[in-house]
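Overview (structure and organization)
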Amino acid sequence: MALALTLPLLVFLLVTLLVPIGALLMRAVENPEVARSLPATGAALARWDRRTEPPAAAFAAVAGDLASLDEGAEAGALARRLNSEVPGGRSLIMGTYRAVTGEWKSQPAVDAAAMRERMIALDPRWQELKYWQAIAKNAARWTPDYLLASIDLRRGIDGSIERVAEDQRVFTRILGRTFQISAAVTLACLLLGYPLAYWLSTLSARQANVLMILVLVPFWTSILVRVAAWIVLLQREGLVNKALMSLHLVAEPLTLLFNRTGVVISMTHILLPFMILPLYSVMKSVPPTYLRAAVSLGSPPLAAFFRVYVPQTWPGIGAGGLLVFILAIGYYVTPALLGGADDQMLSYYIAQYTNVDVNWGMACALGAVLLATTLVLYAVYRRVVKSELSLG
Amino acid sequence: MSLLPVFPAYATLLDKIGWWALRVLCIAMLTFLLLPILAIIPLSFSASSFLAYPMPGWSMQWYENLFTSSDWARAAKNSFIVAPSATVIATILGTLTAVGLARVQFAGKGLLMSLLIAPMVVPIVVVGVATYLFFARIGLADTYFGLIIVHAALGAPFVVTTVIATLQSFNQNLVRASLSLGAGPVETFFRVTLPVIAPGVISGALFAFATSFDEVVVTLFLAGPSQVTLPRQMFTGIRENINPTIAAVATLLIIFTTTLMLVLEWIRGRRR
C-alpha cells in the first residue's frame, strides 16, 4: 500500500530527473564518434605501438570505414571529434571522406599498401603520427578523458596518466575558486547569522515570530529581484558608495560590482536564512541556565559564552554551515550576473560547455564532478543532522 | 516588544554593553537582509531612467512600459502557466507519497526518502544540463510540457517533507473510525484525512509554487523563446540593460511573494 502510493512520484522522478542525470553521467565517459565511425580502423590499430608508422592495413581500414558511412552527418561528427583532439583533424577527415565517397569510387580497388600511397598523395598529413594517435586513443567506446580533463589530468600517448602543462591547469583553479567563494560565503553567513539567531532565540515566541518574518521576506523574494536590488545598491552611484562617501570612510567610490566582493555579498544575503533557521532551532533548545551558571561561578561573560554556550550549538553550526556550503558550490545565476570573469564558479563553465562550446562530454564530466562533490557533502550533512533536509 | 530592557540587579555594566551591542548588531543584520529589497521599490516610481538615488521626481512610466510590453506580458503568462501546472503535479504526487510513507517503517525507507528528496540536493545546473540533453533527444526541449514536469519534480520534495511533518501529528484513529463506519479508503482520504492535513498540503504547494515561480537555471536550458518565464526575462533584462522597468517587475514580485509568505505563515500559525 505504502509503495503503491509512492510509486507514481518515484516513476515521475525517475523519468524527469534520474534517467537524464544517469544519461549525463554516461555522457561524461562516452566517446562514441570514432568507435562508431571507424570500427575496422580501431581494430587495425589495436596492436599498434603508437610511436612508429601505423600498419598499411590501418590506411585501408580508414578508407573502408569512411566509404561505408551511411551519411555525411556521421563523417561530420567524427571530423569534429578529431578536430577537438588535434587541430586540423576536421579538414583531414572531411577531405578524405569526400575523396573516398567521390572519385575513388570509380577507381579500381587496390591493396593496403597502394591505398596508403593514395591517401598520402591526397593529404600528406596522413603521414603525421598525431592524427593516428588521436584515432587510436579514441577508438574505445568509453573514455576516462573528459573526467581526467575536469581535474586537469590526461592520458599520454602510451596511456599513462599525467598532469597537464602548468599553464593549462584551468579546472583545478576553477574548482579551487568555487570552494573558496563558497567557504567565504559560509563564513560570512555564520558570522552574521549567529548573533541574529542567538538574539531571536532569547526572545519570546511571539516576538521571535514577528522578527522571523523579516528574515523570511528576503528568503521568499525571487533571487533575480535580489540580484537586481544588489546591483542598485552596489553600483558606483549606489547607496552603499554614497553612504561610505558621505561618512568620509572612502574618498573614491569603491568597485563593488562585477567582482568577488559583489558575488560574496549577494550570495551571503541569499543564503543567510539557510544559516539562521538551523541555528535558531538548535539555540531554542539550549537552556539559558548553563550560561548563567557559568557566569555566577565566576567565568567572564564572553569566556562563558564561547566555552559553555557555543559548544552546545555545534549541531546548528554544522547543519547551517554544510547547508550553506552545499547550496553555494552549485551557484550559477548570482556569479553570472554580479561577478566578473574571474569570479565564475563551476556551474558557469558547465553551462558554457553546454551552450557555447557545445562540448557535451566536457560539460557532463564537470557536471559529474559537481554532482559527486555535492553528494559527498550531503552524506556528511546527513551524518551531522540525522534528519531529512527540510526548509519547512 | 520591549525595546528598553529591565536589567536584573546583578547585571554588570559589561552585561548591559553586551546586550546593547547585540541589539545594534542584530538590527544592522536585519537591515542588511531587508534594505536591498526595500531600496529597489521606490526606484520603480522614479522619473529618471537611471536606477539611482536621489530620484528627480515620481512617475508611473515604468509600470506603463511594463504593462504595454509584449515581452513581459508573455513572460507573465508563461510563469502563470508553468508554475501552477507544476504545483498541481507536485502537490498530487507529493501528497500521495507522503500519505503512503508517513506511517510505515521498512528497510530501505531512508534510501527511498533520499531518492525522493534528491531534487533538493542535486545542483540545479546539473538538472538543467541533464534534462536539456535528454529532453532534446526525445523532443521535449523547448516545450511547456518539458519545463512543467521538471519544475514539478523540483517542487515535489517540498510537498513530501511538509505533508509528512503534518501527518506526524495526525490521529490515525480517525481513519480507523471512518473505515469501520463503512467509508472506503478513497472516501476516507478525501473526507477525513485531507481536511485535517490540508494546512501541510497547502504549505507544501506554496513551496512548490515558489520553487517553480522563481526557477531560472533549468528554464535557461530547457525553455525555447516562446516559454520565457518572468525570472528568465529578468535574467536577460539584468544582463543586457538594467533599467527601472526591472525595478517595476521586482516591486510587483516582492508584493506577490511577500503575500504568499504571509499566507503561509498564517496557515502555519493556525496549525500551531
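In this text, all values refer to a predicted model and were calculated from it rather than measured experimentally. Sequence order sets the numbering: in each chain, residues are counted from 1 along the sequence as written. Chain letters start at A and ligand numbers start at 1, both assigned in the order the entries are written. Local features are withheld for residues below a pLDDT of 70 in this predicted model, meaning they are given only at 70 or higher, and side-chain atom pairs are given and counted only at 80 or more; totals for whole chains, interfaces and linings count all residues.

Quick notes on the overall build of chain A
To be explicit about the condition: Runs of E in the DSSP output that reach at least two residues are strands. Runs of H or I that reach at least four are helices, and both are numbered from the N terminus. Contacts here follow a simple rule: the backbone-placed C-beta atoms of the two residues must lie within 7 Å.
A tally of helices and strands in chain A yields 21 helices and two strands. By its C-alpha atoms, chain A is 100 × 65 × 40 Å across when sized along the principal axes. A sequence separation of at least 24 residues applies to 68% of the contacts in chain A between residues at least 6 apart.

What about the overall build of chain B?
To keep it simple, the criterion reads: A residue is called partly exposed when the number of other C-beta atoms within 10 Å of its own lies between 12 and 20, exposed at 12 or fewer, and buried at 20 or more, with C-beta atoms placed from the backbone.
A count of helices and strands for chain B gives twelve helices and zero strands. Of all 272 residues assigned to chain B, the portion counted as buried reaches 42%. Of all intrachain contacts in chain B linking residues separated by at least 6 positions in sequence, the fraction that spans at least 24 positions is 77%.

Observations regarding the interface of chain B and chain A
Each partner contributes residues to the interface: chain B has 75 residues there, and chain A has 67 residues. Sort the elements by how many residues they give to the side of chain B that touches chain A and helix 1 (residues 13-43) of chain B lands first, with 16 residues.

Considerations on helix 8 (residues 112-122) of chain A
Residues and elements named next belong to chain A. The criterion, for reference: Picture the helix axis, draw a direction to every C-beta atom, and the arc is the one those directions span.
Buried within helix 8 we find Met115, Arg116 and Met119. Considered in projection along helix 8, the buried side chains sweep an arc of 105° and stay on one side of the axis. Opposite its buried face, helix 8 presents the exposed residues Ala113, Glu117 and Ala121, each directed more than 90 degrees away. Check the buried side of helix 8 and you find it contacts helix 4 (56-67) and helix 6 (89-101).

Re unusual backbone geometry
Apart from glycine, the bulk of residues carry a negative phi angle, and the bulk of peptide bonds sit in the trans form. Its identity as a non-glycine residue notwithstanding, Val358 of chain A has a phi of 50°, on the positive side. Along the chain, the position of Val358 of chain A falls in the loop between helix 20 (346-355) and helix 21 (360-385). Under the C-beta neighbour-count criterion, Val358 of chain A is labelled exposed, with 10 such atoms within 10 Å. Phi is positive for Asp142 of chain B, which is not a glycine, with a value near 60°. Inspection of the secondary structure assignment puts Asp142 of chain B in the loop between helix 6 (124-137) and helix 7 (144-167).

Remarks on the nonpolar core
Residues and elements named next belong to chain A. Inclusion rule: By convention the nonpolar core is taken to be a set of buried residues drawn from Ala, Val, Leu, Ile, Met, Phe, Trp, Tyr and Cys and joined through C-beta atoms within 7 Å.
In terms of nonpolar packing, the biggest core is built from 161 residues, with Ala228 and Leu271 touching the most fellow members. When residues of this core are assigned to their parent elements, the largest contribution, 14 residues, is made by helix 15 (residues 260-284). If you look at the next biggest cluster of nonpolar residues, it comprises 27 residues, including Val34, Ala44, Phe59 and Met119.

Details of the confidence of the model for chain B
All names here are of chain B. Filter applied, for reference: Scored from 0 to 100, pLDDT records how confident the predictor is in each individual residue.
Per-residue confidence for chain B averages 89 on the pLDDT scale, and 96% of its residues sit at or above 70. Confidence, expressed as mean pLDDT per element, reaches its minimum in chain B at helix 4 (residues 109-116) with 85 and its maximum at helix 6 with 95. Interface confidence for the predicted complex, expressed as ipTM, amounts to 0.89; the pTM equals 0.89.

Considering the environment of Gly57 of chain B
All names here are of chain B. Of note, Gly57 is situated in the loop between helix 1 and helix 2 (61-68). On the neighbour-count criterion, Gly57 (8 C-beta atoms within 10 Å) is exposed. Along the backbone, Gly57 and Ser46 are eleven residues apart, and their C-alpha atoms lie at a distance of 5.9 Å.

Notes on the packing of helix 3 (residues 70-102) of chain B against helix 11 (residues 230-240) of chain B
All names here are of chain B. Defined as follows: Where helices are involved, their axes are fitted lines through C-alpha atoms of the stretch in contact, as for all axes, and angles between N-to-C directions lie from 0 to 180°. In this classification, Asp, Glu, Lys and Arg are treated as charged, Ala, Val, Leu, Ile, Met, Phe, Trp, Tyr, Cys and Pro as nonpolar, and every other residue, Gly included, as polar.
Orientation of helix 3 relative to helix 11, taken along the N-to-C sense of each, is 145°, at an axis distance of 7 Å. Taking contact as the criterion, the partners of Asp71, Trp72, Ala75, Ala76 and Ser79 in helix 3 are, on helix 11, Leu230, Arg232 and Gln233. Its residues assigned to classes, the contact of helix 3 with helix 11 shows four nonpolar, two polar and two charged.

A few points about the packing of helix 18 (residues 314-329) of chain A against helix 21 of chain A
Helix-helix packing is characterised by the crossing angle of the two axes and by the distance between the axes. All names here are of chain A. What counts is decided by this rule: In what follows, roughly perpendicular refers to angles from 65 to 115 degrees, roughly parallel to angles under 35, roughly antiparallel to angles over 145, and oblique to any angle outside these ranges. The sense of a crossing depends on the near helix, which, turned anticlockwise from the far helix by less than a right angle, makes the crossing left-handed and, turned clockwise, makes it right-handed.
Running from N to C, helix 18 and helix 21 point in directions that differ by 165°, and their axes come no closer than 10 Å. Considering their axes alone, helix 18 and helix 21 lie roughly antiparallel with respect to each other. Here the hand of the crossing between helix 18 and helix 21 comes out left-handed. Residues Pro315, Gly318, Ala319, Leu322, Leu323, Phe325, Ile326 and Ile329 of helix 18 form the contact with helix 21, whose own contacting residues are Thr373, Thr374, Leu377, Tyr378, Val380, Tyr381, Val384 and Val385. Taken together, the residues of the contact of helix 18 with helix 21 break down into 13 nonpolar, three polar and no charged.

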